[in-house]
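Each chain, letter by letter, is given below.
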Amino acid sequence: MSFRLLPAVAVLAVFAAALAALFRWSLLEFVPGSLQPGGLTLANFRAVLAPQYVGAIRDTVVLSALTTVLTLVCAYPVAYALARTASRRVRSLILVLTLAPFFTGAIVRTYAWVLVLGNTVVTWPVPMLFTERGVLVGLVHFSMPTMILILAAALSHIDPVYERAAASLGASPAHVFRRVTLPLSMPGIVSGGLIVFAWTLSAFPTPELLGGGKVKMIANVVKDLGLDSFNWPGAAAFALLALALTLALLTLVGRLSSDRAA
Amino acid sequence: MTTAVVELRGCTRDYGAVRAVDALDLAVHEGEFLALLGPSGCGKTTTLNLVAGFVEPTAGRVLIDGEDVTGRPPHLRGLGVVFQSYALFPHLSVRENVAFGLRERRMAAAEIERRVGDALELVRLEPAGRQRPSELSGGMQQRVALARALVYRPRVLLLDEPLAALDKKLREGMRDELRTIHRSVGITTIFVTHDQAEALGLADRIAVMNRGRIEQLGPPREIYERPATRFVADFIGASTVLRGRAVAADRVVVAGGTLHVGGRALRAGADVELAIRPERLRLVAAAGDNVLDARVEGLVYQGAQTEVTARLGDGQRVLVFVGEPAPVPLAVGQTLRLFLPGEAFMVLDDR
């Protein structure tokens, strides 16, 4: 091995050590009322397969899938405008509007959503705050800028001559989009979708604050186990389970979409 | 004369402060192969885009079959377009590309299948149907683009520099193929090119464009042999332009010598410009009518001929093609006696 890779190895060793610690903790016995774990056991994994934990995993996957789809739908038109406008000013305006809220930081932004969703600014016909709907809104908003930038990059790589060609062949603007622009932007849809799906699976502050303890995603359950119940072995086991599941899902989705794109 | 298939009436197109097309009038007739020829930036592609509907005129009307289509979007104009880059859809197979326009016309599947087969046969690409465009050579992609634009029998075929992306050998083959296809289909075709050989070899009529206007419109032979303006004489083929003063209706004094000029009557005393093709000049031994002396400045040997650049007594430059083997040994600095046949002169419009 080359010495030039040594710094990378040193950094990666830290990550590996953290994962190893997580793995070790997950195999230690939880002693209620004590921070000191007991001996080796598989009981933690059995415990986190209980219905309330499996339910949280299911809710997380469903919320992440919905977030991905809604973000795609909302981000696409903005990305299209960003990629196709000839005006520098319009481009700057779009970027400022979509990116600016993110310079305020996750906590401030999420508390802003608490105000908006909590009927203080807007009166909602259905309850929003501390429901999955509200969490979904927060998650979509959080994912929008990334999705917009990824889709805009993909769209700007599509030569507008394809759209002209389709129009010359008799395709209306709607058909041009469905038969040419949309299929040609698939690589962006796939990579944007995968990234948003993956990071929503591990979302924490949005469900924590907008869910108000009623909406539990994987990261919230890990925090409950570890910091509220002081069940560190249980938290480690659940985190590992979720990690394995996330990797499996991403592999599956990635493989399916690359088959479609090919 | 029958109604024009495509007609532009006073079409102007501005891009900001730049006038790409300037009050252009043009009529293209049934079955005609018309070339829009000119240097880059002359407005030829904008003119094509006005017909296709990709850009709208700032002023003026576009008519197809006598019907005003100004403002009508491209997908409702029923034209076929072949783009310079071909613009074949990369996510569709060759067959799907060709079928695209037929699908938009909601044709029955069996009819689509048959027509796509016919179109691919016309361009000799039957076996490539299942392939992706990226798997084909440039020449094959070009033929797919042509099949895709012809398959639904459009009223007019528009070609935007269709041969520019091909290498020289392929370009010549494709040129013959284009002519053959045009003959067998008989479709009215407008063809944009900056290559005069392409325009001369393919077109029924050529519109030579410059600065958003048509300088001259006519059959290739007329454009080549009787260029109306200095620009056309310069742009089409090589030529030498000589300035002189008319001394009679058919006589011009150039560099101290008198030239008898055929063709149109000149106004005595007027400054005139005469153009002459370098292949029309001949080397002669004796002085006489229409003979001028010139000093050789440059020689470019090209095998079948030598390009000679020479200067007349008053400093005007002349280009002569001397067929090889040359009648006399050629050398820089020597004086050549040139015969300029009167009937070979083209009198240019004063502009």
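Each value, and the rule that gives it
Residues numbered from 1 in each chain as written. Chains lettered and ligands numbered in written order. Predicted model: local features only at pLDDT ≥ 70, side-chain atom pairs only at ≥ 80, totals over all residues. Heavy atoms only, no water. Contact = heavy atoms within 4.5 Å. Buried area = accessible area lost by both parts, 1.4 Å probe. Salt bridge = Lys/Arg side-chain N within 4 Å of Asp/Glu carboxyl O. Helix = DSSP H or I, 4+ residues; strand = E, 2+ residues; numbered from the N terminus. Nonpolar A, V, L, I, M, F, W, Y, C, P; charged D, E, K, R; others polar. 1 Å grid on protein atoms, 1.4 Å probe; cavity = no way out; pocket = protein on both sides within 12 Å on 5 of 7 lines; lining within 4 Å. Points joined across faces, edges and corners; volume = space filled by probe spheres on them. Core = buried A, V, L, I, M, F, W, Y, C linked by side-chain atoms within 4.5 Å. Buried < 20%, exposed > 50% of the residue type's maximum accessible area, 1.4 Å probe, protein only.

At the interface, 21 residues of chain B touch 17 residues of chain A. Counting each side, the surface lost to burial between chain B and chain A is near 1800 Å², with a carbon and sulfur contribution of 63%. Taken together, chain B and chain A are joined by 1 salt bridge. For A:Arg179, the salt bridge is made with B:Glu104, and the minimal N-O distance between the two is 2.8 Å. The leading source of residues in the side of chain B that touches chain A is helix H2 (residues 94-104) of chain B, at 4 residues. Looking at side-chain class alone, the side of chain B that touches chain A contains 11 nonpolar, 5 polar and 5 charged residues.

So, on to empty space enclosed by the protein. Residue and element names in this part refer to chain B. If you walk through the whole model with that rule in mind, you get 2 cavities of 30 Å³ or more. Of all the secondary structure elements, the ones that give two or more residues to the lining of the largest cavity are helix H4 (138-150) and helix H5 (168-185). Per-element accounting of the lining of the largest cavity gives the leading share, 3 residues, to H5. Looking at side-chain class alone, the lining of the largest cavity contains 7 nonpolar, 2 polar and no charged residues.

Judged by nonpolar contacts, the single largest core of 117 residues is most densely connected at B:Phe89, B:Leu146, B:Leu158 and B:Ile190. B:Val254, B:Val261, B:Leu266 and B:Leu336 belong to the second-largest nonpolar core, a separate cluster that totals 26 residues.

All names here are of chain B. Counted according to the given criterion, the structure contains 31 salt bridges over all chains. Measuring nitrogen to oxygen at the nearest pair gives 2.5 Å for the salt bridge that ties aspartate 65 to arginine 155. You can see aspartate 65 sitting in the loop between strand E4 (59-64) and strand E5 (67-68) and its partner arginine 155 sitting in the loop between H4 and strand E7 (156-160), a full 90 residues away along the chain. Notably, a salt bridge pairs arginine 230 with glutamate 273, separated by 2.8 Å at the nearest N-O pair. Taken together, the residues arginine 230 in helix H8 (residues 230-235) and glutamate 273 in strand E14 (residues 271-276) connect sequence positions 43 residues apart. Assessed through its relative accessible area of 30%, arginine 230 is described here as partly exposed. The structure contains a network of salt bridges with shared partners spanning Asp14, Arg19, Asp22 and Arg213.

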